[in-house]
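Structural overview for review
Residues per chain are reported as follows:
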Amino acid sequence: MVATLIRTCARFALDFALPPRCAGCGTIVAEVHSFCADCWNKVEFLGESGCRTCGLLLEATEAQTCGVCLAQPPRIARTRAAVAYGDLTRSLAIWLKYGRKVATARTMARYMAPLIQAEGSDPILVPVPLHRARLWQRGFNQSVLVAHELARRLKVRTDPLVLRRLKRTPPLKGMSPQQRRKTVAGAFSVADKSAVAGKTVILIDDVLTTGSTAEACAKALRRAGASRVELITWARVVRPSQLMR
Ligand SMILES: [Zn+2]
Ligand SMILES: [Zn+2]
(Lines give C-alpha, C1' and ligand atoms only; values in the text may rest on other atoms or scores of the structure.)
(Ligands and ions follow the chains in the order given, each with its own letter.)
Protein backbone atom coordinates (compact mmCIF):
# COMPACT_ATOMS: atom_id res chain seq x y z
CA MET A 1 0.00 0.00 0.00
CA VAL A 2 2.70 2.46 1.07
CA ALA A 3 4.96 1.21 -1.72
CA THR A 4 2.18 1.83 -4.26
CA LEU A 5 1.68 5.34 -2.91
CA ILE A 6 5.39 6.09 -3.17
CA ARG A 7 5.45 4.72 -6.73
CA THR A 8 2.46 6.87 -7.72
CA CYS A 9 4.03 9.99 -6.22
CA ALA A 10 7.34 9.23 -7.94
CA ARG A 11 5.55 8.87 -11.27
CA PHE A 12 3.78 12.20 -10.78
CA ALA A 13 7.06 13.86 -9.88
CA LEU A 14 8.67 12.39 -13.01
CA ASP A 15 5.78 13.60 -15.16
CA PHE A 16 6.44 17.12 -13.97
CA ALA A 17 10.22 16.90 -14.06
CA LEU A 18 10.65 15.46 -17.56
CA PRO A 19 9.81 17.50 -20.64
CA PRO A 20 7.05 15.93 -22.80
CA ARG A 21 8.29 13.91 -25.76
CA CYS A 22 6.83 13.33 -29.22
CA ALA A 23 4.66 10.20 -29.24
CA GLY A 24 6.22 9.20 -32.58
CA CYS A 25 9.97 9.85 -32.39
CA GLY A 26 10.73 10.95 -28.84
CA THR A 27 11.92 14.52 -29.57
CA ILE A 28 11.00 17.06 -26.92
CA VAL A 29 7.69 18.79 -27.68
CA ALA A 30 5.64 21.53 -26.04
CA GLU A 31 2.57 19.47 -25.18
CA VAL A 32 2.33 16.11 -23.48
CA HIS A 33 1.03 13.11 -25.55
CA SER A 34 1.32 14.97 -28.85
CA PHE A 35 3.46 14.82 -32.00
CA CYS A 36 6.38 16.96 -33.19
CA ALA A 37 5.91 18.88 -36.45
CA ASP A 38 7.72 16.20 -38.51
CA CYS A 39 5.64 13.33 -37.16
CA TRP A 40 2.48 15.43 -37.35
CA ASN A 41 3.07 15.77 -41.08
CA LYS A 42 3.38 12.00 -41.44
CA VAL A 43 0.01 11.37 -39.78
CA GLU A 44 -3.18 11.53 -41.82
CA PHE A 45 -5.91 12.69 -39.42
CA LEU A 46 -9.37 11.51 -40.45
CA GLY A 47 -11.56 13.28 -37.90
CA GLU A 48 -15.12 13.85 -39.07
CA SER A 49 -14.37 13.43 -42.79
CA GLY A 50 -16.15 10.90 -44.99
CA CYS A 51 -19.58 9.29 -44.75
CA ARG A 52 -21.42 10.46 -41.64
CA THR A 53 -22.34 6.88 -40.83
CA CYS A 54 -19.47 4.57 -41.82
CA GLY A 55 -16.71 7.17 -42.16
CA LEU A 56 -15.51 5.86 -45.53
CA LEU A 57 -14.15 8.62 -47.73
CA LEU A 58 -16.76 9.92 -50.15
CA GLU A 59 -16.15 10.78 -53.78
CA ALA A 60 -16.53 14.49 -54.57
CA THR A 61 -20.21 14.82 -53.75
CA GLU A 62 -22.62 16.92 -51.75
CA ALA A 63 -24.00 13.83 -50.00
CA GLN A 64 -23.10 13.27 -46.36
CA THR A 65 -23.91 9.56 -46.36
CA CYS A 66 -22.51 6.99 -48.77
CA GLY A 67 -24.72 4.91 -51.07
CA VAL A 68 -24.08 1.68 -49.16
CA CYS A 69 -25.22 3.17 -45.83
CA LEU A 70 -28.23 4.77 -47.49
CA ALA A 71 -29.29 1.47 -49.07
CA GLN A 72 -28.90 -0.47 -45.84
CA PRO A 73 -28.10 1.38 -42.61
CA PRO A 74 -25.32 -0.61 -40.91
CA ARG A 75 -25.58 -2.05 -37.39
CA ILE A 76 -22.90 0.39 -36.27
CA ALA A 77 -24.64 3.76 -36.43
CA ARG A 78 -21.42 5.78 -36.52
CA THR A 79 -17.82 4.77 -37.22
CA ARG A 80 -14.89 7.12 -36.68
CA ALA A 81 -11.13 6.69 -36.61
CA ALA A 82 -8.66 9.30 -35.45
CA VAL A 83 -6.01 8.58 -38.08
CA ALA A 84 -5.36 6.59 -41.25
CA TYR A 85 -3.29 3.43 -40.84
CA GLY A 86 0.25 4.23 -41.95
CA ASP A 87 3.87 3.61 -40.89
CA LEU A 88 3.85 5.88 -37.85
CA THR A 89 0.29 5.19 -36.70
CA ARG A 90 0.92 1.43 -37.02
CA SER A 91 4.00 1.83 -34.81
CA LEU A 92 1.83 3.35 -32.11
CA ALA A 93 -0.59 0.41 -32.34
CA ILE A 94 2.40 -1.98 -31.93
CA TRP A 95 3.83 -0.03 -28.96
CA LEU A 96 0.42 -0.17 -27.33
CA LYS A 97 0.54 -3.95 -27.48
CA TYR A 98 4.19 -4.55 -26.72
CA GLY A 99 5.96 -1.39 -25.58
CA ARG A 100 5.18 1.98 -24.02
CA LYS A 101 1.64 0.98 -23.15
CA VAL A 102 0.20 3.67 -20.93
CA ALA A 103 1.88 6.64 -22.66
CA THR A 104 0.70 5.33 -26.03
CA ALA A 105 -2.85 4.76 -24.78
CA ARG A 106 -2.90 8.37 -23.57
CA THR A 107 -1.71 9.69 -26.93
CA MET A 108 -4.37 7.69 -28.75
CA ALA A 109 -7.09 8.80 -26.32
CA ARG A 110 -6.08 12.41 -26.81
CA TYR A 111 -6.82 12.20 -30.54
CA MET A 112 -9.82 9.86 -30.25
CA ALA A 113 -11.64 11.82 -27.53
CA PRO A 114 -12.94 14.63 -29.81
CA LEU A 115 -14.69 11.98 -31.92
CA ILE A 116 -16.85 10.81 -29.03
CA GLN A 117 -20.17 12.60 -28.72
CA ALA A 118 -20.95 12.10 -25.06
CA GLU A 119 -23.49 14.86 -24.40
CA GLY A 120 -27.08 13.81 -23.99
CA SER A 121 -26.56 10.11 -24.66
CA ASP A 122 -24.70 9.06 -21.49
CA PRO A 123 -22.73 6.45 -23.46
CA ILE A 124 -20.85 3.49 -22.14
CA LEU A 125 -17.41 2.76 -23.61
CA VAL A 126 -16.90 -0.93 -24.33
CA PRO A 127 -13.47 -2.10 -25.49
CA VAL A 128 -13.48 -4.91 -28.07
CA PRO A 129 -12.62 -7.93 -25.90
CA LEU A 130 -9.84 -10.47 -26.38
CA HIS A 131 -10.42 -14.17 -25.90
CA ARG A 132 -9.30 -15.25 -22.42
CA ALA A 133 -6.50 -17.41 -23.87
CA ARG A 134 -5.10 -14.38 -25.71
CA LEU A 135 -5.58 -12.22 -22.63
CA TRP A 136 -3.67 -14.75 -20.57
CA GLN A 137 -0.84 -14.75 -23.15
CA ARG A 138 -0.53 -10.97 -23.39
CA GLY A 139 -1.54 -10.11 -19.85
CA PHE A 140 -3.78 -7.20 -20.83
CA ASN A 141 -6.16 -5.98 -23.53
CA GLN A 142 -4.77 -2.93 -25.36
CA SER A 143 -8.27 -1.60 -26.12
CA VAL A 144 -9.14 -1.66 -22.42
CA LEU A 145 -6.21 0.69 -21.75
CA VAL A 146 -7.42 3.12 -24.41
CA ALA A 147 -11.05 2.96 -23.22
CA HIS A 148 -9.86 3.62 -19.67
CA GLU A 149 -7.91 6.71 -20.78
CA LEU A 150 -10.90 7.96 -22.80
CA ALA A 151 -13.26 7.44 -19.85
CA ARG A 152 -10.90 9.38 -17.60
CA ARG A 153 -10.58 12.22 -20.09
CA LEU A 154 -14.29 12.52 -20.94
CA LYS A 155 -15.70 11.51 -17.54
CA VAL A 156 -17.87 8.81 -19.07
CA ARG A 157 -18.27 5.19 -18.03
CA THR A 158 -16.37 2.25 -19.40
CA ASP A 159 -17.14 -1.42 -18.82
CA PRO A 160 -14.55 -3.90 -20.07
CA LEU A 161 -16.51 -6.92 -18.78
CA VAL A 162 -19.84 -6.32 -20.46
CA LEU A 163 -18.85 -8.01 -23.73
CA ARG A 164 -17.18 -11.43 -23.85
CA ARG A 165 -15.26 -13.12 -26.61
CA LEU A 166 -16.38 -16.74 -26.67
CA LYS A 167 -14.49 -17.97 -29.72
CA ARG A 168 -10.77 -17.77 -30.22
CA THR A 169 -10.54 -16.59 -33.82
CA PRO A 170 -7.47 -16.86 -36.07
CA PRO A 171 -5.88 -13.63 -37.38
CA LEU A 172 -8.17 -12.17 -40.05
CA LYS A 173 -5.30 -10.80 -42.12
CA GLY A 174 -5.43 -11.96 -45.72
CA MET A 175 -9.06 -13.15 -45.50
CA SER A 176 -11.78 -11.83 -47.78
CA PRO A 177 -14.55 -9.77 -46.14
CA GLN A 178 -16.88 -12.80 -46.41
CA GLN A 179 -14.36 -15.12 -44.76
CA ARG A 180 -13.83 -12.57 -42.00
CA ARG A 181 -17.54 -12.29 -41.31
CA LYS A 182 -17.89 -16.06 -41.16
CA THR A 183 -14.89 -16.41 -38.83
CA VAL A 184 -16.13 -13.91 -36.24
CA ALA A 185 -19.83 -14.83 -36.45
CA GLY A 186 -21.11 -15.72 -32.98
CA ALA A 187 -17.73 -14.93 -31.39
CA PHE A 188 -19.14 -12.40 -28.91
CA SER A 189 -21.80 -12.39 -26.25
CA VAL A 190 -23.05 -9.88 -23.71
CA ALA A 191 -22.35 -10.88 -20.11
CA ASP A 192 -24.86 -8.56 -18.49
CA LYS A 193 -27.79 -7.46 -20.65
CA SER A 194 -29.02 -4.91 -18.09
CA ALA A 195 -25.72 -3.03 -18.47
CA VAL A 196 -26.42 -2.22 -22.14
CA ALA A 197 -30.21 -2.38 -22.57
CA GLY A 198 -31.51 0.94 -23.88
CA LYS A 199 -28.01 2.46 -23.85
CA THR A 200 -25.66 3.97 -26.40
CA VAL A 201 -22.60 1.73 -26.55
CA ILE A 202 -19.37 3.05 -28.02
CA LEU A 203 -17.03 0.26 -29.03
CA ILE A 204 -13.34 1.09 -28.64
CA ASP A 205 -10.64 -0.61 -30.70
CA ASP A 206 -7.09 0.09 -31.86
CA VAL A 207 -7.16 -0.66 -35.59
CA LEU A 208 -10.14 -0.91 -37.92
CA THR A 209 -9.67 -2.98 -41.06
CA THR A 210 -12.88 -4.26 -42.65
CA GLY A 211 -14.94 -3.84 -39.49
CA SER A 212 -16.14 -7.46 -39.35
CA THR A 213 -15.03 -7.90 -35.71
CA ALA A 214 -16.82 -4.72 -34.59
CA GLU A 215 -19.87 -5.77 -36.64
CA ALA A 216 -20.03 -9.07 -34.72
CA CYS A 217 -19.73 -7.14 -31.42
CA ALA A 218 -22.51 -4.77 -32.52
CA LYS A 219 -24.76 -7.69 -33.40
CA ALA A 220 -24.40 -9.15 -29.88
CA LEU A 221 -24.91 -5.71 -28.27
CA ARG A 222 -28.03 -4.90 -30.30
CA ARG A 223 -29.46 -8.34 -29.50
CA ALA A 224 -28.91 -7.58 -25.83
CA GLY A 225 -30.96 -4.41 -26.23
CA ALA A 226 -28.39 -1.64 -26.80
CA SER A 227 -30.27 1.20 -28.49
CA ARG A 228 -27.30 2.42 -30.50
CA VAL A 229 -23.79 1.15 -31.21
CA GLU A 230 -20.91 3.32 -32.40
CA LEU A 231 -17.29 2.46 -33.10
CA ILE A 232 -14.30 4.71 -32.36
CA THR A 233 -10.83 3.46 -33.25
CA TRP A 234 -7.31 4.82 -33.27
CA ALA A 235 -6.41 3.96 -36.88
CA ARG A 236 -8.32 2.87 -39.94
CA VAL A 237 -7.04 1.02 -42.97
CA VAL A 238 -8.18 3.23 -45.82
CA ARG A 239 -6.31 1.68 -48.74
CA PRO A 240 -7.56 -1.69 -50.01
CA SER A 241 -3.97 -2.91 -50.56
CA GLN A 242 -3.34 -2.76 -46.81
CA LEU A 243 -6.17 -5.23 -46.21
CA MET A 244 -4.62 -8.03 -48.19
CA ARG A 245 -1.12 -7.87 -46.76
ZN1 LIG B 1 8.18 13.21 -33.69
ZN1 LIG C 1 -21.28 5.01 -45.34
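Calculation rules
- Residues numbered from 1 in each chain as written.
- Chains lettered and ligands numbered in written order.
- Predicted model: local features only at pLDDT ≥ 70, side-chain atom pairs only at ≥ 80, totals over all residues.
- Heavy atoms only, no water.
- Helix = DSSP H or I, 4+ residues; strand = E, 2+ residues; numbered from the N terminus.
- Expected span 1.5 Å × (residues − 1).
- Buried < 20%, exposed > 50% of the residue type's maximum accessible area, 1.4 Å probe, protein only.
- Arc of directions from axis to C-beta.
- Donors = N, O, S within 2.8 Å, 3.2 Å for Na, K, Ca; no water.
- Tetrahedral: all angles 85-135°; square planar, octahedral: opposite > 155°, others 65-115°.
- pLDDT = per-residue confidence, 0-100.
- Core = buried A, V, L, I, M, F, W, Y, C linked by side-chain atoms within 4.5 Å.

1. Notes on helix 4 (residues 87–98)
- Relative to the 16 Å expected for 12 residues at 1.5 Å per residue, helix 4 spans 16 Å between its end C-alpha atoms, a close match to the ideal helical length.
- Leu-88, Thr-89, Leu-92, Ala-93 and Leu-96 are the residues of helix 4 that are buried. All buried residues of helix 4 lie within an arc of 150° about the axis, which places them on one face of the element. Every exposed residue of helix 4 that faces more than 90 degrees away from the buried side is listed here: Asp-87 and Tyr-98.

2. Notes on the coordination of the zinc ion (ligand 2)
- Taken together, the protein ligands of the zinc ion (ligand 2) are Cys-51 (SG), Cys-54 (SG), Cys-66 (SG) and Cys-69 (SG), with distances of 2.3 Å.
- Here the zinc ion (ligand 2) is ringed by 4 donor atoms whose angles at the metal span 103 to 115°, and the overall shape comes out tetrahedral.
- Read in sequence order, the donor residues coordinating the zinc ion (ligand 2) give the pattern C-x2-C-x11-C-x2-C.

3. Comments concerning the confidence of the model for the protein
- Overall, the predicted model of the protein reaches an average pLDDT of 88, with 90% of residues at or above 70.
- Confidence, expressed as mean pLDDT per element, reaches its minimum in the protein at helix 11 (residues 240–244) with 55 and its maximum at strand 2 (residues 124–127) with 98.

4. Examining the coordination of the zinc ion (ligand 1)
- Surrounding the zinc ion (ligand 1) are the protein donor atoms Cys-22 (SG), Cys-25 (SG), Cys-36 (SG) and Cys-39 (SG), which sit 2.3 to 2.4 Å from the metal.
- Taken together, the 4 donor atoms coordinating the zinc ion (ligand 1) and their angles of 104 to 115° define a geometry best described as tetrahedral.
- Counting residues between consecutive donors of the zinc ion (ligand 1) along the chain gives the motif C-x2-C-x10-C-x2-C. Of this pair, Cys-25 sits in the loop between helix 1 (2–17) and helix 2 (37–42) while Cys-39 sits in helix 2; the two residues are 14 residues apart in sequence, bridging distant segments of the chain.
- Residue classification places Cys-25 among the partly exposed residues on the basis of a relative accessible area of 46%.
- Cys-39 sits in the buried class, given a relative accessible area of 3%.

5. Regarding the nonpolar core
- If you look at the biggest cluster of nonpolar residues, it comprises 34 residues, and the most contacted ones within it are Phe-35, Met-112, Leu-150, Ile-204 and Trp-234.
- For this core, the secondary-structure elements that each account for two or more residues are strand 1 (78–84), helix 4, helix 5 (101–112), helix 7 (142–154), strand 6 (200–208) and strand 7 (228–236).
- The biggest single contributor to this core is helix 5, with 5 residues.
- Val-126, Met-175, Ala-195 and Leu-203 belong to the second-largest nonpolar core, a separate cluster that totals 27 residues.

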